[in-house]
Amino acid sequence: MGEGRNLRYADLFASRTPGPSPAAPVRRQKYDFAVAYPDPGSLPLDELTESLKQALDEEGRDLAVYPHTQGYPPLREYVAQKLEDDRGIQVSPDEIVLGDGSSQPIHMLVEALIDPGDVVLTEHFVYSGTLNILRRFQADVRGVPCDDDGIIPDALESALRQAAAEGRRPKMIYTIPTFQNPMGWTMTLERRAALMEASKRHRVPIMEDDCYVDLRYDGAPVTSIRSLDDACHVMYVGSFSKVIAPGMRLGYLTAPPEVLDRVRALKSGGGVNQFAALAVHRYATTKLRDHIDDINEVQRAKRDAMLAALGESFGSSAAWSRPEGGLYIWLQMPEGADMVSVHEAALAAGVGYHPGPNFAPDGVSGRNYARLCFGYNTPEEIHDGVALLAEVLSKAGALDG
Ligand SMILES: Cc1ncc(COP(=O)(O)O)c(C=O)c1O
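These numbers were taken from a predicted model, which means no experiment stands behind them. (Residues numbered from 1 in each chain as written. Predicted model: local features only at pLDDT ≥ 70, side-chain atom pairs only at ≥ 80, totals over all residues. Heavy atoms only, no water.)

### Here we look at the overall build of the protein chain
Here is the rule we go by: Strands are runs of DSSP state E lasting at least 2 residues, helices are runs of H or I lasting at least 4, and numbering of each runs from the N terminus. Each radius of gyration reported is based on C-alpha atoms, and the globular scaling rule is 2.2 Å times the count of residues to the power 0.38. With a 1.4 Å probe rolled over the protein chains alone, any residue whose accessible area is under 20% of its type maximum counts as buried; one over 50% counts as exposed, and the rest are partly exposed. Here, residues are in contact when the closest pair of their heavy atoms is within 4.5 Å. Computed with a 1.4 Å probe, the accessible areas rest on the Shrake-Rupley method; for each residue, only the protein chains presented here act as cover.
Scanning the protein chain from terminus to terminus reveals ten helices and 14 strands. Compactness check: the protein chain gives a C-alpha radius of gyration of 22 Å against a globular reference of 21 Å for 401 residues, within 12% of the reference. Each principal axis of the C-alpha atoms in the protein chain carries an extent, and together these give about 65 × 65 × 55 Å. A buried classification covers 53% of the 401 residues belonging to the protein chain. Looking at the protein chain alone, contacts between residues at least 24 apart form 75% of all its contacts between residues at least 6 apart. Working note: accessible area of the protein chain is about 18100 Å², and carbon and sulfur atoms make up 51% of it.

Spelled out as structure tokens, the structure:
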């Protein structure tokens, strides 16, 4: 940065590059209900180490060559089998692309399909990471109202007709049908079928994000939208983040062949990290099912602790979802309560959460909502943290009584 510097990168940035992202320190609260961390004590570190050791003994020398663009073939075989066994999806390993978590697969599908101004329909409210990717590609993101059964078919039909009336066919419908982030509901089979029908009627593909599906604590599984698809309308993404750890950065997608051709062309940097893929493959093929059962026990207790704590501390002053799985409870405060302005006070008191507008396709609605994640803290901490949150809200005049 000498005196002679006369180069301004600001003049050079590509128009598609998002605005600056300040290097903010990670602020972790004592009661961290903000980010979807899994239970740290349950991470299968010893087993992952053994799996990695075994894989390196067997084929570590292959790390000398670049991995397959779609990712380690045996792990893709595992994913294809898992999708068939658990989600009724029949695809070959060649139709799977591994990515850095499911974020990269989502990014690749958006990059392959979205031009600036393209309409994308999604749930009102929905995962902020995907919203950010869609915004980055300058999509016209429109939220569709939902109830406890998922996207409301009539509301979806109106949104599709509205777009058609504007002469615009949406490029995709993005949905998280199982243990929706942030609202917690699971879309019923009838609604999934209705969504599929609407997709076919209007010739709009669906991106189904199923990353929470394995975290079921009660109730019966509902089949994937992709399994109802007989017309190549559904692109499907999943992840190992929620069942092993986000730090593994491994997820996957499957999509119709012509989309896969484009996705392959978009994959820069070769295939995913082979080191992680080797460990996850050996681990997943031998121990993942048992691990999922174990973490679901732990997380069920945490969900129950949060539901009980909300009942105790919020009573009838608020409403909240009762998810059968996943990691989130969606808290609805009375109209007029403002979870955005209380946010700083809550952080200062040691309670983290995400206010509703973070998940709003319009970026502003939902100020009286908050997403509470129960994955990280212990049941006792959850109890205390929810009580503290109620206290902060009460002091701010946002809680009755
Ligand atoms: C709905 C949903 N999709 C995708 C992701 C991306 O996660 P990852 O890239 O770790 O798979 C998340 C993360 O929280 C999520 O909630």
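Continuing now.
### Focus on a nonpolar patch on the surface
Spelled out, the test is: Within the patch definition used here, like charges are joined within 9 Å and nonpolar side chains (Val, Leu, Ile, Met, Phe, Trp, Tyr) within 5 Å, considering only residues with over 30% relative accessible area and no salt bridge. When a carboxyl oxygen of Asp or Glu is within 4 Å of a side-chain nitrogen of Lys or Arg, the pair counts as a salt bridge.
A cluster of nonpolar side chains, contributed by Leu-7, Tyr-9, Leu-12 and Phe-13, occupies part of the molecular surface with about 440 Å² of accessible area. Mapped onto the secondary structure, Phe-13 falls in the segment before β1 (31-32). The exposure class of Phe-13 is exposed, given its relative accessible area of 56%.

### What to know about helix α5 (residues 153-165)
Condition: Multiply 1.5 Å by the residue count of a helix minus one, and that product is the helix's expected span.
With 13 residues, α5 should cover 18 Å at 1.5 Å per step; its first-to-last C-alpha distance of 18 Å lies within 8% of that length. Taken residue by residue, α5 has Ala-155, Leu-156, Glu-157, Ala-159, Leu-160 and Ala-163 as its buried positions. Directly beyond the C-terminal end of α5, a positive phi value near 75 degrees is found at Gly-167.

### Some details on the packing of aromatic side chains
The test is simple: Put simply, two rings from Phe, Tyr or Trp (the six-membered ring, in Trp's case) pair if the centres are within 6.5 Å, and we call them stacked under 30 degrees between planes, edge-to-face over 60, tilted for the rest. Criterion for a charge above a ring: Lys NZ or Arg CZ within 6 Å of the ring centre, and within 35 degrees of the ring normal.
In total, this model carries nine aromatic pairs according to the counting rule given. Considering the side-chain rings of Tyr-217 and Phe-374, the 6.4 Å spacing of their centres and the 65 degrees angle between planes classify their relative orientation as edge-to-face. Taken together, the residues Tyr-217 in the loop between β7 (206-209) and β8 (234-239) and Phe-374 in the loop between β14 (369-373) and α10 (379-395) connect sequence positions 157 residues apart. Each of the two residues, Tyr-217 as well as Phe-374, counts as buried. Joined through ring pairs, the aromatic side chains of Phe-125, Trp-330, Phe-359 and Tyr-369 make up one cluster. Here the basic side chain of Arg-28 rests over the ring of Tyr-376, its NZ or CZ set 4.4 Å away from the ring centre.

### Some details on the domain arrangement of the protein chain
The test is simple: Note that the domain bounds were set by an automatic or database domain assignment. What gets called buried area is simply the loss in accessible area from a 1.4 Å probe that two parts show on being joined, summed for both. Polar here means any residue outside two lists: the nonpolar Ala, Val, Leu, Ile, Met, Phe, Trp, Tyr, Cys and Pro, and the charged Asp, Glu, Lys and Arg; Gly therefore counts as polar.
Per the domain assignment, the segments of the protein chain are domain 1 (26-44 + 290-395) and domain 2 (46-287). Placing a centre on the C-alpha atoms of domain 1 and another on those of domain 2 gives a separation of 25 Å. Contacts between domain 1 and domain 2 engage 33 residues on the former and 35 residues on the latter. Here domain 1 meets domain 2 over a buried area of about 2700 Å², counting both sides, of which 57% is carbon and sulfur. For domain 1, the biggest contributors to the area lost against domain 2 are Pro-44, Glu-324 and Pro-361; these three give 27% of the whole. One salt bridge connects Glu-324 with Arg-216, and the closest N-O pair in it is separated by 2.8 Å. Breaking the side of domain 1 that touches domain 2 down by element, the ones donating at least two residues are α8 (274-314), β11 (328-332) and β14. A total of eight residues in the side of domain 1 that touches domain 2 trace back to one element, the largest contributor, which is α8. Classifying every residue of the side of domain 1 that touches domain 2 gives 16 nonpolar, eleven polar and six charged.

### Focus: the sheet that holds strand β9 (residues 251-254)
What holds strands together in a sheet is hydrogen bonding between their backbones, with the strands either parallel or antiparallel. Here is the rule we go by: For two strands to be treated as a pair, DSSP must find no fewer than two bridges joining them. Note on definitions: angles span 0 to 180 degrees between N-to-C directions of axes, and those axes are lines fitted to C-alpha atoms, for helices only across the stretch in contact.
Strand order across the open sheet formed by eight strands is β2-β9-β8-β7-β6-β3-β4-β5, with mixed pairing between neighbours. Strands with a single pairing partner mark the edges of an open sheet, and in this sheet they are β2 (96-99) and β5 (150-151). Most of the contacts of helix α2 (residues 73-87) go to β2, to which it runs at about 110 degrees, and overall it touches β2, β8 and β9.

### Topic: the pairing of β14
Of all five residues that make up β14, five are buried, and the element is covered over most of its length. Going residue by residue along β14, you find Tyr-369, Arg-371 and Cys-373 tucked away on one face and Ala-370 and Leu-372 tucked away on the opposite face as well. Here two bridges tie strand β13 (residues 354-355) to β14, and the two strands are oriented antiparallel to one another. Across the sheet, residue Pro-355 finds its bridge partner in β14, namely Ala-370.

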